[in-house]
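Listed below, chain by chain, are the residues.
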Amino acid sequence: FGYFGIEVVTTAYYDAPANDNMCNATNLGTVPVAGQLAPATWYYNSCATLEVNEIDPVGDVIDYGIEKTVWFKFVPGRDADFKISAIDCLIGAGCDPVDLQVALFRPTTGLAPACPTYADMVQEAADYDPVFFDEDLTAPCLRSGQTYYIQVDGCALNGDGEFQIKVEDMGSST
C-alpha cells in the first residue's frame, strides 16, 4: 500500500525512413556540370532495416558490416569524377550523431532501371574510417545519364542518427 508515480520521457521520435529500401531511394536529382547537389535536409537512418540480400560493401579504409541502411540516388550531368560526402550532425548540437559509412553502387541493367535488384548492382566505391563520423568518397569516371545509388549506414557503436549528404562534380581526372 502506498503511492507511486510513472513518467515516460522521450527525446526523439522517428518514423521508419521512406528511403529504407533501395527501390525507394531518395532522388537527389541530376548533378549540374561543375556543380553540386547539397540539400539542406537532415536525413536519418533511425528505425531503418536491412533488405534480404542487401549488399555489404567492401570498404576503402576498413571493411564494415551494415545494420541500418538508407538509400539515395543521383545522375551525373556529365562524365566526370564525383565526391560524395556524408556529413554527421555535430555532437552537442541538439541532434543525434551517427558514425557514418557510405558506399556507391551502379546497376548493370541499364542507365535508369525502375528498381534494380541487388544481384544487378556493382560497387563503385565505399568508405568508412572509424576515426571520423563524417565520410567522403571519391568516385572516378562516373557516366553521364547513369543512375547511381548511395547506401548510407552507421557503424555498430553509433549506428543511427542524423546526417546530410552532398554530391559534387569534381571534373575529369583525365
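See the structure above.
Predicted, not measured: the structure shown is a model, and the values here were computed from it.

## A short note on the side chain of Asp169
Move 1: Tracing the backbone shows Asp169 in strand β10 (residues 162–171).
Move 2: A polar contact of 3.0 Å, which involves the side chain of Asp169, links it to the backbone nitrogen of Ala34.
Move 3: Of note is the side chain of Asp169, whose polar atom sits 2.8 Å from the backbone nitrogen of Gly171.

## Here we look at the state of the cysteines
Move 1: A complete count under the given rule lists one disulfide for this structure.
Move 2: Between the sulfur atoms of Cys23 and its disulfide partner Cys115 the distance amounts to 1.4 Å. Of note, the bridge from Cys23 to Cys115 carries an S-S torsion of about 55 degrees and is right-handed in sense. Note that Cys23 is positioned in the segment before β1 (26–31) and Cys115 in the loop between β6 (100–107) and β7 (121–127), a separation of 92 residues in sequence.
Move 3: Residue Cys115 is classed as partly exposed on the basis of its relative accessible area, which comes to 41%.

## Side note on the sheet that holds strand β4 (residues 70–76)
Move 1: The sheet built from five strands is open, its strands ordered β1-β4-β9-β6-β7 with mixed pairing. Bordering the open sheet on either side are β1 and β7, each of which pairs with just one other strand. Within the sheet, the average angular offset between the axes of one strand and its neighbour, ignoring direction, is 25 degrees.
Move 2: Two elements, β1 and β4, share five bridges in a ladder whose sense is parallel. Within the sheet, the bridge partner assigned to Asn27 lies in β4 and is Lys73.

## So, the pairing of β10
Move 1: Of all ten residues in β10, eight are buried, a share of seventy percent or more.
Move 2: Looking at chain direction, strand β3 (residues 43–44) and β10 are connected through two bridges and run antiparallel. Across the sheet, the residue bridging to Tyr43 is Phe163, located in β10.

## Focus: the packing of aromatic side chains
Move 1: Taken as a whole and assessed by the stated rule, the structure comprises eight aromatic pairs.
Move 2: Here Trp71 and Tyr118 contribute two aromatic rings whose centre-to-centre distance is 5.9 Å and whose plane-to-plane angle is 50 degrees, an arrangement assigned as tilted. You can see Trp71 sitting in strand β4 and its partner Tyr118 sitting in the loop between β6 and β7, a full 47 residues away along the chain.
Move 3: Aromatic pair Phe72 and Phe163: ring centres 6.0 Å apart, planes at 80 degrees, arrangement edge-to-face. With Phe72 in strand β4 and Phe163 in strand β10, the pair connects residues that are 91 residues apart, well separated along the chain.

## Side note on the environment of Asn27
Move 1: Here Asn27 lies in strand β1.
Move 2: When its relative accessible area of 53% is taken as the criterion, Asn27 is described as exposed.
Move 3: Separated by 44 residues in sequence, Asn27 and Trp71 place their C-alpha atoms 9.0 Å apart.
Move 4: At 2.9 Å, the side chain of Asn27 and the backbone nitrogen of Gly29 are in polar contact.

What counts as what
Residues numbered from 1 in each chain as written. Predicted model: local features only at pLDDT ≥ 70, side-chain atom pairs only at ≥ 80, totals over all residues. Heavy atoms only, no water. Helix = DSSP H or I, 4+ residues; strand = E, 2+ residues; numbered from the N terminus. Polar contact = N/O pair within 3.5 Å; in protein donor to acceptor, adjacent residues only side chain to side chain. Disulfide = S-S within 2.5 Å. Buried < 20%, exposed > 50% of the residue type's maximum accessible area, 1.4 Å probe, protein only. Pairing = 2+ DSSP bridges. Axes fitted to C-alpha atoms, helices over the stretch in contact; angles between N-to-C directions. Phe/Tyr/Trp six-rings, centres within 6.5 Å; stacked < 30°, edge-to-face > 60°.

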